[in-house]
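# Fold and contact review
Each chain, letter by letter, is given below.
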Amino acid sequence: MAETNAVKQRYQEASYLEVGDAYELMGAGFTELNEDPGAQTKSKKYINDKSSTSSITSYEGEHGFTADQIASEVAIKDIISIGKERKTGVDAERNLVRVDLDEKVGDTGTSFVARKFRVAVEVSSFSDNDGEWQVEGSFHDKGDPVIGTFDTATKKFTEKTVSA
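Residues numbered from 1 in each chain as written. Predicted model: local features only at pLDDT ≥ 70, side-chain atom pairs only at ≥ 80, totals over all residues. Heavy atoms only, no water.

### Description of the overall build of the protein chain
Under the convention used in this document: The helix and strand labels rest on DSSP assignments: H or I over at least four residues marks a helix, E over at least two residues marks a strand, and numbering proceeds from the N terminus. Relative accessibility under 20% of the residue-type maximum defines a buried residue, over 50% an exposed one, and the middle range a partly exposed one, all with a 1.4 Å probe and only protein chains included. The Shrake-Rupley method, run with a 1.4 Å probe sphere, supplies the accessible areas, and residue values consider only the shown protein chains as cover.
Assigned secondary structure in the protein chain consists of 1 helix and 11 strands. Its helices and strands in sequence order give the protein chain the pattern β-β-β-β-β-β-α-β-β-β-β-β, from N to C terminus. Referenced to the eigenvectors of the C-alpha coordinate spread, the extents of the protein chain come out at roughly 60 × 40 × 35 Å. Buried residues in the protein chain amount to 32% of all 164 residues. Put simply, the protein chain shows about 10600 Å² of open surface, and 47% of that area lies on carbon and sulfur atoms.

Written out as structure tokens, the structure is:
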């Protein structure tokens with residue numbers, strides 16, 4: 001029986017980067033992969049209130065990362081090439097899928113709730129970490145995430161259909 005007030009652990013979310021036609025697990029080599037939804041707000045103060053009223057107007061999301069430069073890891077090798085070759089525009093864009101491994105869907109045991117983001121890959125630095133090279137940067141969201149499911153066995157994302 002699962003604890004109802006247990007804090008979600010980092011290993012319960014997997015992230016996949018689309019490189020070419022395949023999704024590659026971002027696991028080994030990554031020491032950090034965060035998510036900042038970047039809520040943008042608007043405030044207004046009405047004459048009969050002492051305090052302002054705020055609303056969320058949009059999001060400017062990003063996913064900061066740090067990874068050891070392990071060339072055998074396909075996702076890391078791709079990210080490194082974006083920075084070293086100074087790729088821009090669509091050449092520096094990828095699909096990023098974040099998978100909630102604690103939210104199974106169906107009976108297969110390999111399908112989970114997921115969100116797909118189109119991201120611009122920013123490589124901000126190649127840094128020395130005690131003699132070992134790292135790559136750091138952010139994935140910047142382009143538009144809204146797509147809600148769906150991801151099958152970790154087939155590495156396929158399926159968009160959620162909206163019922164009419």
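### So, the nonpolar core
Keep this limit in mind: By nonpolar core we mean a set of buried residues, namely Ala, Val, Leu, Ile, Met, Phe, Trp, Tyr and Cys, connected to one another through side-chain atoms within 4.5 Å. Contacts are assigned to residue pairs that have any heavy atoms within 4.5 Å of one another.
If you look at the biggest cluster of nonpolar residues, it comprises 19 residues, and the most contacted ones within it are Leu17, Met26, Phe30, Phe65, Ile79 and Phe139. Elements that contribute at least two residues to this core include exactly strand E1 (13–19), strand E3 (30–33), strand E6 (62–68), helix H1 (74–84), strand E8 (111–129) and strand E9 (132–141). The biggest single contributor to this core is H1, with 5 residues. If near-sequence neighbours (up to four positions away) are discounted, Phe30 is found in contact with Phe65, Thr66, Ala67, Ile76 and Ile79. Residues Ala14, Tyr16, Val99 and Ala114 belong to the second largest nonpolar core, which totals 9 residues.

### Quick word on the pairing of E8
The condition that has to hold: When DSSP finds two or more bridges between a pair of strands, those strands are recorded as paired.
Of the strand pairs in this sheet, strand E7 (residues 93–104) and E8 are connected by 8 bridges, and their pairing is antiparallel. The partner of Leu96 across the bridge, within E8, is Phe117. Counted along the chain from E7 to the antiparallel partner E8, the turn is 6 residues long, and its residue Gly106 has a positive phi close to 80 degrees. Where E8 meets strand E10 (residues 146–151), 6 bridges bridge the pair, whose relative direction is antiparallel. By the bridge assignment, Lys116 is partnered in E10 with Val146.

### A word on the packing of aromatic side chains
Where we set the bar: In this analysis, rings of Phe, Tyr and Trp, with Trp reduced to its six-membered ring, are considered paired at centre separations within 6.5 Å, and the interplanar angle assigns stacked below 30 degrees, edge-to-face beyond 60, and tilted for intermediate values.
Considering all chains together, one arrives at 4 aromatic pairs under this definition. Relative to Phe150, the ring of Tyr16 has its centre 4.5 Å away and its plane inclined at 35 degrees; by these criteria the two rings are tilted. Here Tyr16, found in strand E1, pairs with Phe150, found in strand E10; they are 134 residues apart in sequence, far enough to count as distant. Like Phe150, Tyr16 is buried. Connected via pairs of aromatic rings, a cluster forms that spans Tyr16, Tyr23 and Phe150.

### What to know about the side chain of Gln12
Counting through the fold element by element, Gln12 comes out in the segment before E1. When sequence neighbours within four positions are dropped, the list of residues in contact with Gln12 reads Val7, Val99, Asp100, Leu101 and Asp102.

### Let's talk about the pattern of salt bridges
Heads up, the rule is: Criterion for a salt bridge: a side-chain nitrogen of Lys or Arg within 4 Å of a carboxyl oxygen of Asp or Glu.
Here the structure, examined in full by the defined rule, presents 9 salt bridges. The residue Glu93 makes a salt bridge to Arg118 at a minimum N-O spacing of 3.5 Å. Taken together, the residues Glu93 in strand E7 and Arg118 in strand E8 connect sequence positions 25 residues apart. Using a relative accessible area of 31% as the deciding quantity, one classes Arg118 as partly exposed. Several salt bridges share partner residues, and in doing so they unite Glu13, Glu35, Arg98 and Arg115 into one network.

It is worth stressing that arrangement in space is one thing and function is another; only the former is reported here.
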